[in-house]
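# Per-entry structural report
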Protein chains: 2
Amino acid sequence: MSWQYLAAEGGPTLTGGDRGIVVVVAVIALAALAVGYVLLKEVLAAGQGTTKMQDIAKAVQEGAGAYLKRQRNTLTIFGAIVFVLLFFLPADGWGERIGRSLFFVIGAGFSFAIGYLGMWLATQANLRVAAAAREQGGRETAMRIAFRTGGVVGMSTVGLGLFGAAIVVLVYAGDAPKVLEGFGFGAALIAMFMRVGGGIFTKAADVGADLVGKVEQGIPEDDPRNAATIADNVGDNVGDCAGMAADLFESYAVTLVAALILGSTAFGAQGLLFPLIVPALGIITAVIGVYITRAKAGESGLTAINRSFYISALISAILCTAAAFIFLPSSFSELDGPSDPSIGGNPAVIATVAVIIGIVLAGIILWLTGYFTGTEYKPVKDVGKSSLTGAATVILSGISVGFESAVYTAVVIGASVYGAFLLSGSLFVALFAVALAGCGLLTTVGVIVAMDTFGPVSDNAQGIAEMSGDVDGEGAAILTELDAVGNTTKAITKGIAIATAVLAATALFGSYLTAITEKVTEIGVDPSDIAAFSLSIVSPNVLVGVILGAAVVFMFSGLAVNAVSRAAGAVVYEVRRQFHENPGIMDGTVRPEYGRVVDICTRDSLRELATPGLLAVLAPIAVGFGLGTGPLAGYLAGAIATGTLMAVFLANSGGSWDNAKKLVEDGNHGGKGSDAHEATIIGDTVGDPFKDTAGPAINPLIKVMNLVSLLIAPAIVTLSIGESENGVLRAVFALVAILLIVGAVFVSKRRGTAIAENPAEAVTNGAA
Amino acid sequence: MSWQYLAAEGGPTLTGGDRGIVVVVAVIALAALAVGYVLLKEVLAAGQGTTKMQDIAKAVQEGAGAYLKRQRNTLTIFGAIVFVLLFFLPADGWGERIGRSLFFVIGAGFSFAIGYLGMWLATQANLRVAAAAREQGGRETAMRIAFRTGGVVGMSTVGLGLFGAAIVVLVYAGDAPKVLEGFGFGAALIAMFMRVGGGIFTKAADVGADLVGKVEQGIPEDDPRNAATIADNVGDNVGDCAGMAADLFESYAVTLVAALILGSTAFGAQGLLFPLIVPALGIITAVIGVYITRAKAGESGLTAINRSFYISALISAILCTAAAFIFLPSSFSELDGPSDPSIGGNPAVIATVAVIIGIVLAGIILWLTGYFTGTEYKPVKDVGKSSLTGAATVILSGISVGFESAVYTAVVIGASVYGAFLLSGSLFVALFAVALAGCGLLTTVGVIVAMDTFGPVSDNAQGIAEMSGDVDGEGAAILTELDAVGNTTKAITKGIAIATAVLAATALFGSYLTAITEKVTEIGVDPSDIAAFSLSIVSPNVLVGVILGAAVVFMFSGLAVNAVSRAAGAVVYEVRRQFHENPGIMDGTVRPEYGRVVDICTRDSLRELATPGLLAVLAPIAVGFGLGTGPLAGYLAGAIATGTLMAVFLANSGGSWDNAKKLVEDGNHGGKGSDAHEATIIGDTVGDPFKDTAGPAINPLIKVMNLVSLLIAPAIVTLSIGESENGVLRAVFALVAILLIVGAVFVSKRRGTAIAENPAEAVTNGAA
């Protein structure tokens, strides 16, 4: 556990046979993409319904495309700046420096591409799901299309993630953790921006549409007279599809990166290969999972999805166990070049148990989230019942559900980390075991992405059906059922994503320690003499770091919620203006200007994502350069701990409110239009930015902050020692970061809480 | 920063002159009690209004008295168990062992006594404040009575706290940190139970009364036809007065304890005396502060209170600076027996700066909280405006206010800890500086308690006025104004209390390290060989500890909110039953059975406090024995960081909703009875358990967990080393703790979310 323990050794070289294995992994990754292509063809071949439905779908497609195009332009500029800045950070020579920047771009590009694909395909699929629901016996077809759409995205996510990692290993073997850091950082950074931006877009449109439509005008959701309807449907795609797909790709990439960085130190050459083999096996089982998902008659869609998840998880566990015992020896001395061959324990057993811990963790989270957010269990039923005593009790009971489920999820994740940690007395083998648990979790990502995509596709299909008026009776009922299932699967994905964040971040702490130790050794000082390097949790400066880390999670969540409020206020204002200036809209004789609301959402969400985005990148810079590497480590720990709880709390509170509303709408406690219904609508509106904006963005936030810290750690060490100019430079960096954060917060404050200002007043006047 | 650094040395002996100083401090403490007595006489001498008002006050007094009596019986049993258990924990000899248990009882007794006094006096004062408001020019008299009532409680809090600490120092000098731990633990444990129990009582009654009265029957707050009205007023006293007074006494005692434990190691004999001198000076300035508080005509009550706070804080800073330079030498070598006389730096300067940091921190928190929860600033105005778009936006904007203010408060507290830490390169002097910052904060406690007591007394005065119908016109307006001021002062107190928790807990980490190091040295092992001892934040087991610490804060908050929901459900049921069975109540011809609702609240709150209380005591035992001292340190850090943010978030969200409601009731956005009013009532109801149950209980929670950890640390070390039976014993302890927690949670789950079950359904039927 001492400082010198993790000092990096030269990485092992790969033999020809090893390279062969990596090539096979790369081929499996490409095969996943091919399977995705086959599924894609199948989805696109389905029927597209009436012309009216196609028109609506086209409007959604155009809106979503326009948003992503503008976001791409914004992110390209931002990416270019980071690309250049990365060159200035310390690295071992120019090869590593160039590789890091290059793979940063590749990671970022893949992340964006997956997001784009997810969104594009969802906008194609929703129309086809709605069309299928109209047909005789359409339930099974509709569900198959929705789930196979997810399959395409799932295959692409795992395919691209694994392919990227395999290429890095082929080119660099274990010599270039910094290149992997660049790859992971690119993926996480873009995913965070897509999550935040998409999350603001989708909820600004949704909340805005609900406030004017349901609450003020008393017209149903997705009513075509509401000018925000198209924007709402566009939002589902850019937020829940593009943002989510990029997020899970990032989870996949960063977890793999964490495992590969630790691999060669812990397990030698095999340590570089095994973390690739596990997800490759996961791809095989994901294909099985996607193809076997089929709801039997009378069976809930969620039951069918869960069944295929558990079956594919079980197959993964078996295949990974076999692979571990075939591929790994039974003692460390038989491994090819681990940094310490004298460690006790059996690598095959350690790897097997670690991977199984990860798979079991995924299963438990799936069950826990399903229990806390599903309509058929006690928690959501209780939230539903609390609607009888009004909105206040709905809010309080949803918050309780969120707190409680967050605790159980955090305890389960903590237990997994601790379980993996116990597998070896050697710190870096223990950290590698944690990373392998992450790889175990990854074997389920293919199915998870498929499950998640299911949600927004069904939601949008329902939107198209409602707006066109061309789907009714049984077809509408089918889509409502699929939508409720989607609410739960979306919450599950968020739970899995945050678990990968904790596992990856814990493992990356090993790299953090290595990075500091290398630099300290190079300079030749005793770190225990310097308070800024102390990693002891009882040191007050480290504790201050923990407090700041927890604070950043609260700040980020508050900013995200506020951004939604502001953007929603603008939407409310615009929709009211249209109703006011064009009475024909309410009569159904005039078509509202849908495009204007889409434009407002696009503009506002891209503007609003800047502040939380900058906070994520700059806060670790401020803490690291300002207080030192010890407090920065504390900061990361605080952010991981609080972030885990906050993310699950926000996701599950939101999920429970959404499904409590569905319960009431299904005729419980007075049904649609009752006071109870109104109380649950208030709950759902509160939950919207919780579950779809703030909550899911915390996962990439944690990874971005970890990778930024890892990248800057050597620079902090260099500037913490020696000449006083160094100290000045350190202070300058910290100060610039702080000023930029304060400036960004100030600018977004200046915009005011739009929803609480002019718009509302203006409309009260308008209504009077 | 190494392991051996804090190994305890024998404490210094006090000279005759030193003892003289301690005696003077004790006399000042007694003088504070005398001043309190004078103020008490003044309060009691005031007029008591009409017979009707006196009858109502009497009912409240009886209810509150009955509650505290039952609580005392419950707590006596619990205290006796802990008293016995404490004997089994390691200590240096029987003297220390007996002293620890004895002072545990004294701390517990003082804590309860202060709580009882605060409550008893408040129930006397509210009547007199209401009576004063009826008189010509009553505003000033009413405010003076309310504030002087606070003065009595403030003087008693600081008097008893300082007297207790002075006695320990006189008897034990610096030799018995364990005795001080016992004193602090007793104070914190009882305060936590009183906070939780009182918090559940007050909000169950308040929420229950509002749900039936305002929401269902449309009758105003404090309407005598509502059977829960008396219980609501009793609740203000047992929650906001008894709970708060005990809580601040505990903050005072534990902060002093933390300073005294570190004092002799860092500063020798002077280190034992200076932490007593600072609060003694604080008592003098608090007396000034209480006497100068007088609202000028046309000036808000808050302005007057703030002015006297700032004046007394300034005088404290000047007096403490003078004391430091008179009392402390300019180099460590001139101190009487510090553990390392060769440390660089000037003790007088270090002490001065540290104390001033604490005083400035109190001032900033006062300002920040006032800004975020006061009716005249932007945040609450924004929450008020958001009521125009409905309850959902009220909830979202209040949550944003809470998140944001929590971040700023946490950053300011973190900056104070870091600032104090920077004062010395020696870890234990730095920790002592943090503790001295806490002592600086304590100089303001007298005024703070006076400010806080102001809140419930005004609230109750308004209640009595409303129920009796004997105060109207200007008198009622005065009481409404005082009540709004009270909402903000209550939020401020919570901010100050949580700051003491962070400062005390950070300083107590020093004692934690000492406790472990002593034991490890005694046994003679190298702690860096044992993973369970690692304090490195990058070690996965420590990180798991941080996650569990954050989780406990969420769990505790969720349990507290749930307990309120359940108990409120029972109140709602009872009030509805009375309305249903006695139609005469609604006509005003039959008097409701107030006593039954008081009984229900008493019974339910005492039953409901068990689960969160057990969680606080048992969770550190489970983590410590289960995972080791390293993860337990991580656990405490996680709990401190997340607890700070959560406590401020809950307090300030709640405060902002409460005052946003007041804004609307003052005629903004449509005024009373409008949709906007209804939206803010929902916000206020959500905020009730946030700000008065869960939020304020987090402060004593953190202290209890810290002190439990400190008490068990040596036992954990002993059982972590050597024979395998020890490991078995450790596992058994952990398992028993976990089973008790799980059992307690299970039992409270079984009670069900009453509000969401029978009552609601039953009444829907009743109403139909």
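Residues numbered from 1 in each chain as written. Chains lettered and ligands numbered in written order. Predicted model: local features only at pLDDT ≥ 70, side-chain atom pairs only at ≥ 80, totals over all residues. Heavy atoms only, no water.

- In the nomenclature of an unreviewed UniProt entry, chain A corresponds to K(+)-insensitive pyrophosphate-energized proton pump from the organism Actinophytocola algeriensis.
- Quoted verbatim from the Sequence similarities (unreviewed entry) field of UniProt, the annotation for chain A is "Belongs to the H(+)-translocating pyrophosphatase (TC 3.A.10) family. K(+)-insensitive subfamily."
- Turning to chain A, the UniProt annotation filed under Function (unreviewed entry) states: "Proton pump that utilizes the energy of pyrophosphate hydrolysis as the driving force for proton movement across the membrane. Generates a proton motive force." (UniProt positions renumbered as here; feature names shortened; annotations may be inferred.)

### Topic: the overall build of chain A
- Helices and strands together make up the secondary structure of chain A, namely 22 helices and zero strands.
- Computed over the C-alpha atoms, the radius of gyration of chain A is 25 Å, within 12% of the 27 Å expected from 2.2 N^0.38 for a compact globule of 768 residues.
- Its C-alpha atoms give chain A principal-axis dimensions of roughly 80 × 55 × 45 Å.
- Residue burial in chain A is summarised as follows: out of 768 residues, 69% are buried.
- Across chain A, every contact between residues at least 6 apart in sequence was considered, and the portion connecting residues at least 24 apart equals 85%.
- Of the roughly 21800 Å² of accessible surface on chain A, 62% is carried by carbon and sulfur atoms.
- In chain A, 44 side chains carry a positive charge and 60 a negative one; their mean positions are 4 Å apart. (Helix = DSSP H or I, 4+ residues; strand = E, 2+ residues; numbered from the N terminus. Rg over C-alpha atoms; globule rule 2.2 N^0.38 Å. Buried < 20%, exposed > 50% of the residue type's maximum accessible area, 1.4 Å probe, protein only. Contact = heavy atoms within 4.5 Å. Areas by Shrake-Rupley, 256 points an atom, 1.4 Å probe, with all protein chains shown as cover. Lys, Arg positive; Asp, Glu negative; His and termini not counted. Charge placed at Lys NZ, Arg CZ, Asp CG, Glu CD.)

### Focus on the packing of helix 2 (residues 51–88) of chain A against helix 17 (residues 594–608) of chain A
All names here are of chain A.
- Between helix 2 and helix 17, whose axes approach to 10 Å, the crossing angle comes to 25 degrees. Relative to helix 17, helix 2 is oriented roughly parallel. For the pair helix 2 and helix 17, the crossing hand works out as right-handed. The segment helix 2 lies against helix 17, with Gly63, Tyr67, Arg70, Gln71 and Thr74 engaging Val598, Thr602, Arg603, Ser605 and Leu606.
- Residues belonging to the contact of helix 2 with helix 17 are distributed by class as follows: three nonpolar, five polar and two charged. (Axes fitted to C-alpha atoms, helices over the stretch in contact; angles between N-to-C directions. Parallel < 35°, antiparallel > 145°, perpendicular 65-115°, else oblique. Left-handed = near helix turned anticlockwise from the far one by under 90°. Nonpolar A, V, L, I, M, F, W, Y, C, P; charged D, E, K, R; others polar.)

### Some remarks on the packing of aromatic side chains
- Evaluation of the coordinates by the stated rule reveals 50 aromatic pairs over all chains.
- Note on Phe554(A) and Phe403(B): the rings are 5.3 Å apart at their centroids and 85 degrees apart in plane angle, and the pair reads as edge-to-face. Separated into two different chains, Phe554(A) in helix 15 (residues 540–581) and Phe403(B) in helix 11 (residues 391–421) make up a pair that spans both. Across the pair, exposure class does not vary: Phe554(A) and Phe403(B) are buried alike.
- Relative to Phe87(B), the ring of Phe83(B) has its centre 5.5 Å away and its plane inclined at 80 degrees; by these criteria the two rings are edge-to-face. Of this pair, Phe83(B) and Phe87(B) both sit in helix 2 (residues 51–88), four residues apart, roughly one helical turn.
- According to the relative accessible area criterion, Phe83(B) is partly exposed, its value standing at 29%.
- Its end group placed over the ring of Trp94(A), Arg97(A) keeps NZ or CZ at 5.1 Å from the ring centre. (Phe/Tyr/Trp six-rings, centres within 6.5 Å; stacked < 30°, edge-to-face > 60°. Lys NZ or Arg CZ within 6 Å of the ring centre and 35° of its normal.)

### Observations concerning the interface of chain B and chain A
- Each side of the interface is counted separately: chain B has 83 residues, and chain A has 83 residues.
- Summed over both sides, the interface of chain B with chain A buries roughly 7400 Å², with 80% coming from carbon and sulfur.
- Sorting the residues of chain B by area buried against chain A places Phe403(B), Val538(B) and Phe554(B) first, and these three jointly supply 10% of that buried surface.
- Along the contact surface separating chain B from chain A lie zero salt bridges.
- Our count for the chain B to chain A interface comes out at three residue pairs in polar contact (both at pLDDT 80 or more).
- Sorting elements by how many residues they give to the side of chain B that touches chain A places helix 15 (residues 540–581) of chain B first, with 18 residues.
- Split by residue class, the side of chain B that touches chain A holds 54 nonpolar, 21 polar and eight charged. (Buried area = accessible area lost by both parts, 1.4 Å probe. Salt bridge = Lys/Arg side-chain N within 4 Å of Asp/Glu carboxyl O. Polar contact = N/O pair within 3.5 Å; in protein donor to acceptor, adjacent residues only side chain to side chain.)

### What about the environment of Ala430(A)?
All names here are of chain A.
- With respect to the secondary-structure elements, Ala430 resides in helix 12 (residues 427–442).
- Put simply, Ala430 and Ile350 are 80 residues apart on the chain and 9.1 Å apart in space, counted from C-alpha to C-alpha.
- Residues contacting Ala430, with those up to four places away along its chain left out, are Ala420, Phe421 and Ser424.

### Here we look at helix 17 of chain A
Residue and element names in this part refer to chain A.
- Here helix 17 contains 15 residues, and its C-alpha end-to-end distance of 21 Å stays within 8% of the 21 Å for a straight helix at 1.5 Å per residue.
- Every buried residue of helix 17 is accounted for by Tyr594, Val597, Val598, Ile600, Cys601, Thr602, Asp604, Ser605, Leu606 and Glu608.
- Buried residues along helix 17 sit in contact with helix 2, helix 5 (177–217), helix 6 (229–267), helix 13 (445–468), helix 15 and helix 18 (610–627). (Expected span 1.5 Å × (residues − 1).)

### Considerations on the side chain of Thr489(B)
All names here are of chain B.
- The residue Thr489 is located in helix 14 (residues 474–523) in this model.
- Accessibility expressed as a relative area gives 0% for Thr489, which makes it buried.
- Excluding its chain neighbours within four sequence positions, the residues that come into contact with Thr489 are Leu302, Ile305, Met451, Asp452 and Gly455.

### Re the nonpolar core
- Grouped together as the largest cluster of nonpolar side chains are 592 residues, with contacts concentrated most on Phe267(A), Ile537(A), Phe267(B), Phe274(B) and Ile537(B).
- It is helix 15 of chain B that provides the largest number of residues to this core, a total of 25 residues.
- Contacts of Ile537(A), omitting those with residues within four sequence positions, involve Val542(A), Leu543(A), Val546(A), Phe509(B), Leu535(B), Ile537(B), Val542(B), Val546(B), Ala633(B), Gly634(B) and Ala637(B). (Core = buried A, V, L, I, M, F, W, Y, C linked by side-chain atoms within 4.5 Å.)

### Re the relation of the copies chain B and chain A
- Each copy of the sequence occupies a distinct position, and chain B is placed on chain A by a rotation of 180 degrees and an axial shift of 0.0 Å, giving an RMSD of 0.0 Å. On this basis, the relationship between the two copies can be described by a two-fold rotation axis. Taking C-alpha positions as the reference, the residue of chain B nearest the rotation axis is Ser536(B), at 2.4 Å.
- A share of 100% of interface residues in chain B that are also interface residues in chain A marks the association as one of identical surfaces. (Least-squares fit on C-alpha atoms with pLDDT ≥ 70 in both.)

### Comments concerning the state of the cysteines
Residues and elements named next belong to chain B.
- Counting across every chain of the model gives zero disulfides over all chains.
- Of all cysteine sulfurs, the one in Cys601 lies closest to Cys241, which takes part in no disulfide; the gap is 16 Å.
- Residue Cys241 is classed as buried on the basis of its relative accessible area, which comes to 1%. (Disulfide = S-S within 2.5 Å.)

### A closer look at the pattern of salt bridges
Residues and elements named next belong to chain B.
- Applying the stated criterion to the full structure yields 51 salt bridges over all chains.
- Residues Arg603 and Asp604 are paired through a salt bridge, measuring 2.9 Å at the closest nitrogen-oxygen approach.
- For Asp604, a relative accessible area of 3% gives the class buried.
- For Lys691, the salt bridge identified is with Asp658, shortest N-O distance 3.4 Å.

### Comments concerning the UniProt feature "site: Determinant of potassium independence" (unreviewed entry) in chain A
All names here are of chain A.
- UniProt marks Lys490 with the feature "site: Determinant of potassium independence" (unreviewed entry), using the numbering shown here.
- Among the secondary structure elements, Lys490 is positioned in helix 14 (residues 474–523).
- Residue Lys490 is classed as buried on the basis of its relative accessible area of 7%.
- What Lys490 contacts, discounting residues up to four positions off in sequence, is Asp240, Asp452, Gly455, Pro456 and Asp692.

### Focus on helix 11 of chain B
- The end-to-end C-alpha separation of helix 11 of chain B is 44 Å, in line with the 45 Å expected for 31 residues at 1.5 Å each.
- For helix 11 of chain B, a buried count of 27 out of 31 residues is recorded, marking the element as mostly surrounded by other parts of the structure.

### Quick word on a negative patch on the surface
- A contiguous patch of negative charge on the surface is contributed by Asp675(A), Glu678(A), Asp675(B) and Glu678(B).
- Looking at the negative patch, the elements that each hand over two or more residues are helix 20 (675–720) of chain A together with helix 20 (675–720) of chain B.
- With respect to the helices, strands and loops of the structure, Glu678(B) is situated in helix 20. (Patch = residues over 30% accessible without salt bridge, like charges linked within 9 Å, V, L, I, M, F, W, Y side chains within 5 Å.)

### Looking at unusual backbone geometry
Residue and element names in this part refer to chain A.
- In the Ramachandran plot, His669 falls in the positive-phi region, its phi being about 55 degrees despite a non-glycine side chain.
- Looking at the secondary structure, you find His669 in the loop between helix 19 (629–665) and helix 20.
- The exposure class assigned to His669 is partly exposed, which follows from its relative accessible area of 23%.

### Re the packing of helix 1 (residues 16–45) of chain A against helix 3 (residues 93–134) of chain A
All names here are of chain A.
- Where helix 1 meets helix 3, the closest approach of the two axes is 9 Å, and the angle between their N-to-C directions is 40 degrees. One finds that helix 1 runs oblique with respect to helix 3. Touching Leu40, Val43 and Leu44 of helix 1 are Trp120, Leu121, Gln124, Ala125 and Arg128, all from helix 3.
- When grouped by side-chain class, the residues that make up the contact of helix 1 with helix 3 number six nonpolar, one polar and one charged.

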